[in-house]
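Listed below, chain by chain, are the residues.
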Amino acid sequence: MEDDYGQMYGGEDFMGDIGLEDEAILDYDDGDDNLDLGSDEEEEIESFVGDRDYDERTPEPTISKQEQLRMIHLRSHLNQLTEKVKHHQYLTEKTREEQKQSRNRMSQLESERDQVFKEIQGAESDKNTSALYRLRSRHERICQELENEHELEKMIAERLEQEEYELAKVEVERGKFLLAEDDLIKQEQQLAKEKTDMALQRLRKEEMKAKRAVRQHARRQRDYQTAMEEQKRRQQMALEDAERSHAKHSKFLNQTMEKLQKRQEEENVRYKENMKKKMEMLLKLKGDITANRENLKALHARDKAASREAKQKEEEERQQILQKGGNPDEILLIRKRIEEFERQKNEFENEKKLKQATIMEKILVEEDRLKKRKKQQPHLWTDVKSDKSKIMGPQKKKPLKIFRELTDSSIFDEDFMKENTYIIDGPEEQATQREEGKESMRAETSGEDKKITPLPIDSSDSSDAESDGEEKVDLAVPEFEGLWDQHKPYRVPKDTESTLKLPNGSKMEKEILEKVLDKHRQGIVVKQVAAGREFQGCPFYSKPDIIHFKDFEVGKTYKKKVTLTNVSYTVNYCKYINITEMLKDFIDIQFDPPGQMSAGLTCEMMVTFKPMINEDLSGVVNFLSQTGPFAIPLKCTTKKCDLSTDTCRIDFGTTVIGETLKRTFTLTNKGALGTKFEFFKVTGQKERTVTTAATSLGGLTTADTIRAFSPDSTSVVAKKDVTASLEKNVAEDKKAADEADKASMGGMGTSDEQNGTQAAGEGLSVVGEGEQEEEQPLQESPDLAVSEMEDYGTLDGMKVGLVASGELGPFSSTKLEIIWQPHIPGRVDTEFLITFTDPLSDSISIQAVANAIDVPVWVERQTVDLKICMFDRLYQDTIIVNNRATTALRLKFEVCKELKNHLELLPKTGYIQAQSNFSAQMKFLPRKSLFEEAGKYFDKETGVLEAPMIIRVADQTQPVPFTVQAVLTTSDMEFDTTDIDFGCCTIYESTKAKIKLTNKSILPQEFGFVGHPEFVEVQPNDGFGTLLPLETIDLEVIFSPKKAKDYKFELNCKSLINREFKIQCKGVGVHPPLEMSHQVVHFSATPLYDVSTASFHVINSHTSTNEFTHPVPRIGKGEIAPVGPTSFEFVVPEGVPVTISPSVGTIEPGKKCPVWVRFAPELNDLDIRKEAVRMATKALEAQAEKEFEERQKREREEADQALQKAMGKGGKGKDAKSPTKGKGKTSPAPSLTVSGPRAITPPTVETITKDSPAYASAKASLLRQYRGSFRTVTIPCYVASGKCGNPGELPYSVHNTLYLEVHCPVVKPTLVVISDNGKSTLDFGEVSLGQNIIKSVTIQNISNKTVELTSSILNTGGPFLMLNALRVLPPDGTHTILISYTPEKGEVFHEVLEIQTGHTALHITLTGKGVSPMIEINMPMQNGVLDMGAVLAGEYIERTFKLMNSSSLSIDYSIKLESLSLQRHHDAQVIPAFIQKNKTNYLSVGTQNNNGQNVFDLVPAEGTVPPGSSIDLTVTFAPDHPSDHYSDGVRIELFGKPNVVYLGERKEETHNFMIKGMAKPRIMFVDGTDERTPEIESLAEETPVPTEDEDGKLLPTPVLFTLRSIVKENDFIPASRDLIVGTVRTMAVSQKKDGKGASKHGNGEFQFENVQLITQKGFNIEPQKGMVEAGGLKPVTFTWTPPAGHDPNTPVETSVMLTLKGDVTEQVKVMLRAFVVSE
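What counts and how
- Residues numbered from 1 in each chain as written.
- Predicted model: local features only at pLDDT ≥ 70, side-chain atom pairs only at ≥ 80, totals over all residues.
- Heavy atoms only, no water.
- Phe/Tyr/Trp six-rings, centres within 6.5 Å; stacked < 30°, edge-to-face > 60°.
- Helix = DSSP H or I, 4+ residues; strand = E, 2+ residues; numbered from the N terminus.
- Buried < 20%, exposed > 50% of the residue type's maximum accessible area, 1.4 Å probe, protein only.
- Axes fitted to C-alpha atoms, helices over the stretch in contact; angles between N-to-C directions.
- Parallel < 35°, antiparallel > 145°, perpendicular 65-115°, else oblique.
- Left-handed = near helix turned anticlockwise from the far one by under 90°.
- Contact = heavy atoms within 4.5 Å.
- Nonpolar A, V, L, I, M, F, W, Y, C, P; charged D, E, K, R; others polar.
- Expected span 1.5 Å × (residues − 1).
- Polar contact = N/O pair within 3.5 Å; in protein donor to acceptor, adjacent residues only side chain to side chain.
- Patch = residues over 30% accessible without salt bridge, like charges linked within 9 Å, V, L, I, M, F, W, Y side chains within 5 Å.
- Areas by Shrake-Rupley, 256 points an atom, 1.4 Å probe, with all protein chains shown as cover.
- Salt bridge = Lys/Arg side-chain N within 4 Å of Asp/Glu carboxyl O.
- Lys, Arg positive; Asp, Glu negative; His and termini not counted.
- Charge placed at Lys NZ, Arg CZ, Asp CG, Glu CD.
- pLDDT = per-residue confidence, 0-100.

We now examine the packing of aromatic side chains. Scanning the model with the defined rule gives 37 aromatic pairs in all. With a centroid separation of 5.6 Å and 40° between ring planes, the pair formed by Phe679 and Phe832 is classed as tilted. Of the two residues, Phe679 sits in strand β15 (residues 675–681) while Phe832 sits in strand β19 (residues 826–836), which places them 153 residues apart along the sequence. Considered together, Phe679 and Phe832 belong to a single accessibility category, that of buried residues.

Running from amino to carboxyl end, helix α7 (residues 178–324) crosses helix α8 (residues 328–376) at an angle of 130°, the nearest separation of the two axes being 9 Å. Here α7 is positioned oblique relative to α8, judged by the angle of their axes. Regarding α7 and α8, the two cross each other, and that crossing is right-handed. Residues Glu314, Glu317, Arg318, Ile321 and Leu322 of α7 pack against Pro328, Asp329, Ile331, Leu332, Arg335 and Lys336 of α8. Classifying every residue of the contact of α7 with α8 gives 5 nonpolar, no polar and 6 charged.

A few words on helix α6 (residues 129–175). Here α6 spans 67 Å end to end across 47 residues, near enough to the 69 Å set by a 1.5 Å rise per residue. With a side-chain oxygen positioned 3.5 Å from the backbone nitrogen of Ala131, the residue opening α6 is Asn128.

As for its position among the elements, Thr565 is in strand β6 (residues 558–566). The residues touching Thr565, leaving out its near neighbours within four places in the chain, are Pro539, Phe540, Tyr541, Gly600, Leu601 and Thr602.

This paragraph deals with a positive patch on the surface. A cluster of basic side chains, namely Arg369, Lys371, Lys372, Lys374 and Lys375, defines a positive patch on the protein surface. Mapped onto the elements of the fold, Arg369 is located in helix α8. Residue Arg369 is classed as exposed on the basis of its relative accessible area of 55%.

On the surface, Ile1334, Leu1361, Leu1363 and Leu1378 cluster together to form a nonpolar patch covering roughly 340 Å² of accessible area. Checked against the element boundaries, Ile1334 lands in strand β52 (residues 1333–1341).

With that out of the way, let us pick up the side chain of Glu989. Here Glu989 is to be found in the loop between β31 (979–986) and β32 (991–999). Put simply, Glu989 is tucked away with no salt bridge, and the nearest opposite charge, on Lys1042, sits 13 Å away. One polar contact links the side chain of Glu989 to the main-chain amide nitrogen of Tyr1299, over a distance of 2.4 Å. The contact partners of Glu989, leaving out residues within four places of it in the chain, are Phe1039, Ser1040, Pro1041, Gln1079, Thr1297, Leu1298 and Tyr1299.

Of the residues in the protein chain, 76% have a pLDDT of 70 or more, and the chain-wide mean is 77. Per-residue pLDDT stays below 50 along residues 1–57; that stretch engages in 50 contacts with residues further than four places along the chain or on separate chains. Of the regions scoring below 50 in pLDDT, residues 395–499 engages in 126 contacts with residues more than four places distant in sequence or in other chains.

Now for the pattern of salt bridges. In this structure the tally under the stated criterion is 54 salt bridges. Among the ionic pairs, Arg113 bridges to Asp114, the shortest N-O distance being 3.7 Å. Residue classification places Asp114 among the partly exposed residues on the basis of a relative accessible area of 39%. Salt-bridge contacts for Glu267 lead to Arg270; the nearest nitrogen and oxygen are separated by 2.9 Å. Of this pair, Glu267 and Arg270 are both found in helix α7, 3 residues apart, which corresponds to roughly one turn of the helix. Owing to a relative accessible area of 39%, Glu267 belongs among the partly exposed residues under this scheme. Ionic contacts of the salt-bridge type, sharing partners, join the residues Glu314, Arg318, Asp329 and Lys336 into one network.

As structure tokens, this is what we get:
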């Protein structure tokens, strides 16, 4: 077969001849259609097609893909069947080998058993006892092994039978596909042929493509060679070019390398020089550092000498002041503070100047940037002059005298003046010009919004310009014209441009004017050159440089003389031009031009100033010289205050508490304007709140703001505003300052009415009114009262002297004083403020710094806190005393007399060295008497002790006090009892008593029970712990006696401070007569309805009353318990799910009794019933609600239907005529008759039974809701001497009672049964033996975890079997378990199946009863074979027998024939019996019909036999051809494996019996002869044997008949054997009506001929002839007696002819053979 498989696809040789692999061929399977082979290939293909010889026959159809898939699947299936056959054959042979080995082993064991038995008999006869015992044990072992081997052989036989059955089944299955396999082989051969053709075709295509690829490859090789040659040529050329280039550039490379090397050497030299310089620099730096250190040392020495000198001078001055009677400390302190104030003031001024300089630098940089931006982008700014030039006046016609006026006029163009004027600007002038420029810029920007004419750049009325620019509020227009319209405020005349206008001039006139002006300029200004140097700069020097009128008063006249000196190189001229326009009304210039002036000559000019307004003025006086114009600055300033102090920081230094120091400083006014001042303290005052209900912060002026707040404080508004404005923008700062100036001048009355009107017009609040509004709230406010402020501010010791306010005149000064009188030690930093009424003067801040120290002797800790102290305990601490003085002092420590018995300071007297410290030891030992002795220093309620201590210092009146503080508490601990009586306690148990321990102290105390005996235990923590303040804890004292006696002892509790607290204890130890192996039983966490078991022993060890050798049972020192049987009884409390077995028993001395404890937790029955009632009530309510909703819905539908009917009737008549009438009308809504859900009657608890579904549902609900519980049960065991009588009447002693403690944790079950209302019992009921019933049980995982299910192993020999496997069960998952029940015995079966999930298990109870079926078959059989007799071929015979059921169950039966079994072929695969030596293997299935019908048939084949009744079974034998070997096996199955009783004989297995019959060609036949042919018929066609001769007569049929004579002691026993002659009852006989014909054809005759011939050889036949009735058998006896002289080694052979007369006459040649055999 395997060779055929290989040949189907052509074999490996074929694929090797092709020369390609499978993969290479398959790769081109999908690409055939896309191959482009070109013209050459097409020609080759055509030639190939033309040359190929095709078969003229019709080509066979190709196999489709679907057919190929079917072939593959079929081949795979056939291969699998073949493998199965081989596998089962292997298993069968292996099992047979095992059976053979087992039988060999059995035979060995049997022989060995017989041998040992003989040896045993010999030993018995010899009376060898030791050998007898040894041989008997060996005999038993061998018998046991033999029995085991029998069982093993039986198992192997069963397995062999099963394997043979499986083999036959597979062979039958394999035989079904024989024809399909033949077709498959043909198709596979065809497919291989198709693939071969396809492969050849593809091969030719590939060869053609390969040729083409070779040609292409050759072409590519030629191209590649050409390209390579070209590349080589190019490389050679490039190589030559590179060599030439290398030679050319090598010299340049050498030069470059030399330069690089030279540069590297220079770098190295430079690096060395730099390193040398750095080293020299470092050495120099080191020397400088050394020199600086020496200088610093010299400076320090000089400073120290200066300080010593200053101290010496200060001491001398102090002595002088003391001699004069003054206070030197105060004077010196004031001087120091004044000096410090001056120093701080100077620092502040310097810092201010630096900040101003920084700001100015930033402003200058910004101005430069602005100028550059103006030059770069001039269109962003408006030109005032160009705008002004665009304004044309009215046209006036005048005579053209302009040329003469222009030539005679000395007025120049303003632009010319600006270009040729050299201005000597001082810092003040520069600032003024910058301010004017900024103001003009603001005026320009604001003017665009206000739509007014912009002012000229040189306008000096900055305040008016700003007021106009800052006007934001438009006041209301008056209703009538009055003073406001007529009044015109005074304005300083503007400096108009000296430009000449030529109104209505022609272009020619303007050109003539420009030429004249240019000529005039060229004639006036000439360059001055001397000695080849051109003079540049200002030609005249003015003395003074700036014409400054200081501190002017309105109405007075001031004059100032100015000297001009020619500083140019040669002769020069000087001519006065003009003055700034705004100064023309106030300044008068008297200047006579001196004419030509040589270098160095001077001339004078008188300047007269008549002020009319109290305002600062500035401008320039313009002159013209020969070398160009120049100008002299002019300034006019009003009277101002120039206020300053000689110091801004006053340092009092270090002062002892109690001393008073004064420091003065000078307040100087260097200005010409006087002012009032106020000197007050800022630090320590309450914050002044000036924002009241009548005023707002917006209405305050700058002066009031500065007056009310300190400039250095964080709450000072004015300084914050000024600082912020300086940091942001200087222009805004100046603007705010100008507004403050105007507001303050308006408030003080210094400005005229115009300014006030202007301020009111700008929307600003009038300052005078604001001050009036503020005065009243400030006076009424208690926060600003002077007395309270002084009291509040004197806490730090700083205060203002006698002069707190006053008036400071012009050019004057005054002394102000600050007093320092400390009361509290520490450093003080106080701020004082000097405010002025002058609004332009800023407040001055004075900072006073001082450090107050205590007396020279001081204690580091003023309060010595000893925390919490206990009575009668010693506490120590160290008192450290410090000395500030420069001399040693004597100290004396004093303790108040109330505490002298409790507190002590050591030493009492001591000396403390100068500027060092002294340590004194304080010992505090509080006693109980402190309550009475401490007096006022001790608070009895709180326990606080506060005692003053004094340190007296010699030569010092003021002592040094300090305080000792402590909280006193007791150290007592208290028990709630003084003695404990434990009573009687057995030595196997413990008794506990609870006590309370209280801590009376407010400190936590550690305690511990020490020294107690070993039979006493204190818990928790073994009697050690910590008691919190005033805490009470519960303790347990456990008494565990070790022997029977009276105990008296005391418990000793010690605290950490070694205090003892004792309790007296007593108890009695009892030794009971019995003991338990375990006193405590710990069950694992048991789910509900699960079971946990545990076991222990109750032991009676009391065997002797001798108390000296071992402990004896007794109560204390009482009588000894008697020795003998002792009874016990466990009494389990009611309601506890614990069962003890046995609960009552008697134990003999020295014995023990096992006791089992079973814990089976269940839900409370009452809880289940209540839950059932609740669930039933809920269900009834839901049902009632549903019914109510259905009734409502039904009534609504009925009402709607009625309404629709009514509308339908009315719509036919009225609605058709008047459809609009019914629109506004609606029919009334139908009323519902159902008012609500019906009342329900919930069931009661008593009506719920355990078998009801409601009970099961409630139980399942509670199981799912269960959360677990834990319970401890104590079960008493009463003990009494003697045997127990009636239960409950045990004469026990209470003191001998034992106690069993059971810990019962209950958890929620993981699995529950949800089938059959949650019942965990699966009852199969009564089942017949051998019947298989399957039931299922469904379980569910009600936990929140995934569990893996496992099960216990059921009894392998039992009837129960779990059919399906368990699996992993997720939360809320379900699983159905199938249980099969097949009873084998007639008894009740009971098993428990455990479904385990790791920690929990679900118990399912399986129960059922097996009932034996009693079946009897009334059938004549011999040795299990039913002989149907002989019948003519083609006819049939029937027989009937009864199948009786004698049991109480209905029995299902089924009859199966072996010829129809699937194992028939498997069973036939054995060695036939005719070639076996012993002929043991007989097949039950013999010859069968050739037509395919069954030879034997039993009807009915299946059915049910009712109990106590029977049914008839009909057996039919219908052969279709003659044969003597018809047979078949019959198996009757009851429920699969019934028990059958045949005629009272009961069989435990399935019964098999055999049916056989013979088919004869004629009526007469001979039987009982030797077999000449095998019993098994051959399937091959036999060569027909002629049965008739040429004349048509029947040829005689030969039969062999063998006789065996037994030789015995030289004598022969005659051999005898019967030959059967029979007649077949035919159906043709029964159909004939004639009796003669019937007898003729029904009976037969026989006769032996030539009997004399065989008689001579010792043969005898009896009878020699006779008649056989129809259907009957006639035995003919052959006897052979060996004749005298017979050779036993030679057989005797002869023959005799037997004539049979029936329907035909035939002869049978009986060939006789006889020989002698031994016994």
